[in-house]
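An overview of the molecular structure
Spelled out from the first residue to the last, the chains are:
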Amino acid sequence: MKKQKIIIIAAVIILLASLLISRVSKQNISSSKTVKKVHSEVVVGPKETRYIEKTNSGGGSVILVPVIISHNGVVCRANLVLDTGCSTTMLDDKLTNALGFKSTQSGYGIMADGSKVKNIRGEIDYIQVGPYKEYNFTIIANHVRYDNDDNQYGLLGLNFLEKHPFTIDHKKQLIKWL
């Protein structure tokens, strides 16, 4: 009986050691520049995000969502306009300069009014909105502040919003993440 317990304990130790070695190997591979770590996670935080509603110069209103953005070891807090008409999240060039962002591609985008604008595209280390954090997150850098508002630094687009369903409680000014 005692010999069986020793064998079982030895087997468990060997299993744990092999898992540890496997995990270390995977960490070494994922830190390589040729392998990307692309994933999202739920961070500890509330399932509700308080937003700011602002009236723009056209008389309409926009929802400003607080976000945390990190790139190259720099972390910034900013407000982005919740924009379900924007396919890729856009960050203002003032913010991307502060992050030390360097583009990997350039191209043209079509704005809501049909105009064509040059933009640069690339990835930031992560964006966190409410309880969700997206790593290696694709953004477009451009001049995107409404009415020269210093409280707003871009558009939170569908490349984030489609992955994280939500409802809006206008009375309480809350985004409720589902």
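Remember, predicted model here, so these are calculated numbers, not experimental data. (Residues numbered from 1 in each chain as written. Predicted model: local features only at pLDDT ≥ 70, side-chain atom pairs only at ≥ 80, totals over all residues. Heavy atoms only, no water.)

Let's talk about the layout of surface pockets
- Taken as a whole, the largest pocket holds about 460 Å³ of empty space.
- Around the largest pocket sit 21 residues that line it, and Met90, Ile110, Met111, Ala112 and Leu155 are the ones nearest its centre.
- If you tally residues by element for the lining of the largest pocket, the top one is strand 8 (residues 116-129), at three residues.
- Looking at the lining of the largest pocket residue by residue, the class counts come to 10 nonpolar, seven polar and four charged. (1 Å grid on protein atoms, 1.4 Å probe; cavity = no way out; pocket = protein on both sides within 12 Å on 5 of 7 lines; lining within 4 Å. Points joined across faces, edges and corners; volume = space filled by probe spheres on them. Helix = DSSP H or I, 4+ residues; strand = E, 2+ residues; numbered from the N terminus. Nonpolar A, V, L, I, M, F, W, Y, C, P; charged D, E, K, R; others polar.)

Details of the confidence of the model for the protein
- Per-residue pLDDT for the protein averages 78, and the proportion of residues at 70 or more is 71%.
- Per-residue pLDDT, averaged within each element of the protein, yields its smallest value for helix 1 (residues 2-30) (43) and its largest for helix 3 (residues 158-161) (98). (pLDDT = per-residue confidence, 0-100.)

Some details on the pattern of salt bridges
- Taken as a whole and judged by the stated rule, the model has two salt bridges.
- Note that lysine 163 and glutamate 134 form a salt bridge whose closest N and O atoms lie 3.3 Å from each other. Placement of the pair is lysine 163 in the loop between helix 3 and strand 11 (166-169) and glutamate 134 in strand 9 (residues 132-142), with a sequence separation of 29 residues.
- The salt bridge partner of lysine 176 is aspartate 169, with a shortest N-O separation of 3.6 Å.
- By relative accessible area, lysine 176 is classed as partly exposed at 27%. (Salt bridge = Lys/Arg side-chain N within 4 Å of Asp/Glu carboxyl O. Buried < 20%, exposed > 50% of the residue type's maximum accessible area, 1.4 Å probe, protein only.)

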